[in-house]
Amino acid sequence: MDSRQQKALLIDPGARDRIWCVDCGAELTDKISRQRRRGPECDPEPRTGYDRHDIDQDPIPGL
Ligand SMILES: [Zn+2]
């Protein structure tokens, strides 16, 4: 693991440290982008995790 990366994590996990997209360099302001370190335009994964969770649950039959 990169020691510089470890040090950055130790500074203050609660601080709003600035994170930029690893692909295009745009500053990431939303939580999901910051976690993935990729902006919406560069992220291959869809941002609809909650929607996918709902789809996984079958609708209750008989309604
Ligand atoms: Zn980007």
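Remember, predicted model here, so these are calculated numbers, not experimental data.

(A) Seen up close, the overall build of the chain. Across its full length, the chain carries three helices and two strands. Helices (α) and strands (β) of the chain occur, in sequence order from the N terminus, as α-β-β-α-α. For the chain, the proportion of its 63 residues judged to be buried stands at 11%. Sequence separation of 24 or more characterises 0% of the internal contacts of the chain that already satisfy a separation of 6 or more. For the chain, the computed accessible surface area is about 5900 Å², with 52% contributed by carbon and sulfur atoms.

(B) The coordination of the zinc ion, seen in detail. The zinc ion binds to the protein through Cys21 (SG), Cys24 (SG) and Cys42 (SG); the donor distances cover 2.3 Å. Each donor residue of the zinc ion belongs to the same chain, and together they define the spacing C-x2-C-x17-C. The class of Cys21 is buried, set by a relative accessible area of 5%.

(C) Molecular detail of the side chain of Ser33. Here Ser33 shows up in helix α2 (residues 31-36). For Ser33, the residues in contact, after removing those within four places along its chain, are Leu28, Arg38, Gly39, Pro40 and Arg47.

(D) Main features of the pattern of salt bridges. Per the stated rule, a full pass over the model turns up four salt bridges. Among the ionic pairs, Asp23 bridges to Arg38, the shortest N-O distance being 2.8 Å. A residue pair is termed long-range when its members are at least 10 positions apart, and Asp23 in the loop between β1 (19-20) and β2 (27-28) and Arg38 in the loop between α2 and α3 (49-56) qualify at 15 residues. Note on Asp23: relative accessible area 46%, which makes it partly exposed.

Each value, and the rule that gives it
Residues numbered from 1 in each chain as written. Predicted model: local features only at pLDDT ≥ 70, side-chain atom pairs only at ≥ 80, totals over all residues. Heavy atoms only, no water. Helix = DSSP H or I, 4+ residues; strand = E, 2+ residues; numbered from the N terminus. Buried < 20%, exposed > 50% of the residue type's maximum accessible area, 1.4 Å probe, protein only. Contact = heavy atoms within 4.5 Å. Areas by Shrake-Rupley, 256 points an atom, 1.4 Å probe, with all protein chains shown as cover. Donors = N, O, S within 2.8 Å, 3.2 Å for Na, K, Ca; no water. Salt bridge = Lys/Arg side-chain N within 4 Å of Asp/Glu carboxyl O.

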